[in-house]
Each structure stands twice: as C-alpha cells, then as structure tokens.
Amino acid sequence: GKLLLAPSGSPTRDPALPRMPHSRPPETSNRCVAETEALQQQTQALQRQMKVERGRSDALLAAAKVRYRAVKVDLAAARGKLQRSNAEENRLLQQSRAEMAKTKQKLSRTEASLVAHKHRIDKLELALGLHKAALGGLGSIVWAELSTVHYQQTLAGVAGLLGVLGVVGPASYVRCFLSMIGSAVGGLMAGA
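Here the structure is a predicted model, which is why all the values come from computation and not from measurement. (Residues numbered from 1 in each chain as written. Predicted model: local features only at pLDDT ≥ 70, side-chain atom pairs only at ≥ 80, totals over all residues. Heavy atoms only, no water.)

Q: Give a detailed account of the overall build of the protein chain, specifying residues and quantitative values.
A: Of the regular secondary structure elements, the protein chain holds four helices and two strands. Seen in sequence order, the protein chain has helices and strands lined up from the N terminus as β-β-α-α-α-α. Looking at the 192 residues of the protein chain, the share that counts as buried comes to 4%. Restricting the contact set of the protein chain to residue pairs at least 6 apart, pairs at least 24 apart contribute 0%. Counting every atom, the protein chain has about 17,100 Å² of accessible surface; 64% of that belongs to carbon and sulfur. (Helix = DSSP H or I, 4+ residues; strand = E, 2+ residues; numbered from the N terminus. Buried < 20%, exposed > 50% of the residue type's maximum accessible area, 1.4 Å probe, protein only. Contact = heavy atoms within 4.5 Å. Areas by Shrake-Rupley, 256 points an atom, 1.4 Å probe, with all protein chains shown as cover.)

Q: So what about the packing of aromatic side chains? Which residues, and what values?
A: One pass over the structure, following the stated rule, counts one aromatic pair. Measuring from ring centre to ring centre gives 5.9 Å for Tyr 173 and Phe 177, while their planes differ by 20 degrees; the resulting arrangement is stacked. Of this pair, Tyr 173 and Phe 177 both sit in helix α4 (residues 171-191), four residues apart, roughly one helical turn. (Phe/Tyr/Trp six-rings, centres within 6.5 Å; stacked < 30°, edge-to-face > 60°.)

Q: Describe the pattern of salt bridges, listing the residues and the values that go with them.
A: Applying the stated rule across the entire model yields three salt bridges. Close ionic contact of Glu 53 with Arg 56 constitutes a salt bridge, the shortest N to O distance being 3.0 Å. Residue Glu 53 and its partner Arg 56 are both found in helix α1 (residues 26-136); the two are separated by three residues, about one turn of the helix. With relative accessibility at 39%, the residue Glu 53 sits in the partly exposed group. (Salt bridge = Lys/Arg side-chain N within 4 Å of Asp/Glu carboxyl O.)

Q: Give a detailed account of the confidence of the model for the protein chain, specifying residues and quantitative values.
A: Residues of the protein chain with pLDDT of at least 70 account for 78%, and the chain-wide mean is 82. Mean pLDDT per element in the protein chain: strand β1 (residues 3-5) is the minimum at 50, and α4 is the maximum at 89. (pLDDT = per-residue confidence, 0-100.)

Q: Pulling in residues and values, what's your account of the packing of helix α3 (residues 152-168) against α4?
A: Put simply, α3 and α4 touch, their axes get as near as 7 Å, and they point 115 degrees apart. It follows that α3 is roughly perpendicular to α4 by the angle criterion. Of the two elements, α3 crosses α4, and the hand of that crossing is left-handed. Contacts between α3 and α4 involve Leu 162, Gly 163, Leu 165 and Gly 166 on the former and, on the latter, Tyr 173, Val 174 and Phe 177. Split into classes, the residues belonging to the contact of α3 with α4 amount to five nonpolar, two polar and no charged. (Axes fitted to C-alpha atoms, helices over the stretch in contact; angles between N-to-C directions. Parallel < 35°, antiparallel > 145°, perpendicular 65-115°, else oblique. Left-handed = near helix turned anticlockwise from the far one by under 90°. Nonpolar A, V, L, I, M, F, W, Y, C, P; charged D, E, K, R; others polar.)

Shown next as structure tokens:
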C-alpha cells in the first residue's frame, strides 16, 4: 500500500487503501524465490557475458592502439623519407641552377668571342678587298669600297628609283638626269 509521511517523519499507511495481508501463501513465496533465483542467474550470466565482452573490447582496443602506433611510426618514417627526398630534390635543383648559370656565362663568353672573330674576319676581308683593289686600279678600289657598304640593297634600290625617274619622272628632273648621265658617259668614252 501507499505510505504517507506523518508530521513526525515516520511513515503511516494511507487509510483509503485496503489492507494487505502480511503473510503470503507458500506458492507465491516459492514462485518469488524461483523468480529471484532465475533473475540472479540471468544477472550473473549477463555479468559473465559483459566480462567476456569487456575482455574482447579491451583486446580490440589494445590491437587498435598497436595498429595506431604502427601507423604513427610508418607515418613518421614516410614524413622523414619525404623530407629527405625534398632535400635531395632541392639540392639537385640548386645544382642544376648553378650549372645553368655557368652554362649561360660560358655561352655569353662564346657569343662575345664569336662577335670578336666576326669583326676580325670583316676587317681581314676589307683589307683583302682593298689589297685586291690596289692591285686592280681605281675602279677596283671604288668597287671594293662599295662592296663593304652594309646597305647595298638599299643603295641599289635608290639608284634604280633614280633611273626610273630619269625616264618617266618630271621634266625638270629628266633634263638634269640626262645631262648628268650624258656627261658621265662622255667622260667614260673620252677616258677609254
């Protein structure tokens, strides 16, 4: 039944509830004892099963910790290997850059040497042309001088344009051009 607390703090029975007999029949008592024993056996079986499961989980946790440590060691080894590899690649890169800088300097010196040799060859060819011109006379000297001019195509183009203008150009230019060409041809004929 329901118990109430009296003002004094001691439990009292609710008068509205019917009275329960204090003694139980023996079959109820035996049934309660059997149920209690069954519950105790189930509790003990569950405790044993929990103990076994706890052991399994502890074993799994220990194995997971071992795997974690192994993975951690492998990761540290991989990081070390990667750092060594990066250091080696950086060293090789620096070495390649240094070799490339040396090669560029060597190329610059070779190009400077090539330019100097070209100027020397040009001077020697000029001297050879002047020497041949001195052997061949005044016309050869003029020809040698004209052959050393770097803008021969431009000079030829200007001479060709002056010649075309001498034929089809304005009348004042044609008269001047014809008199100059006539004097040059006459001088050449008189000199021959």
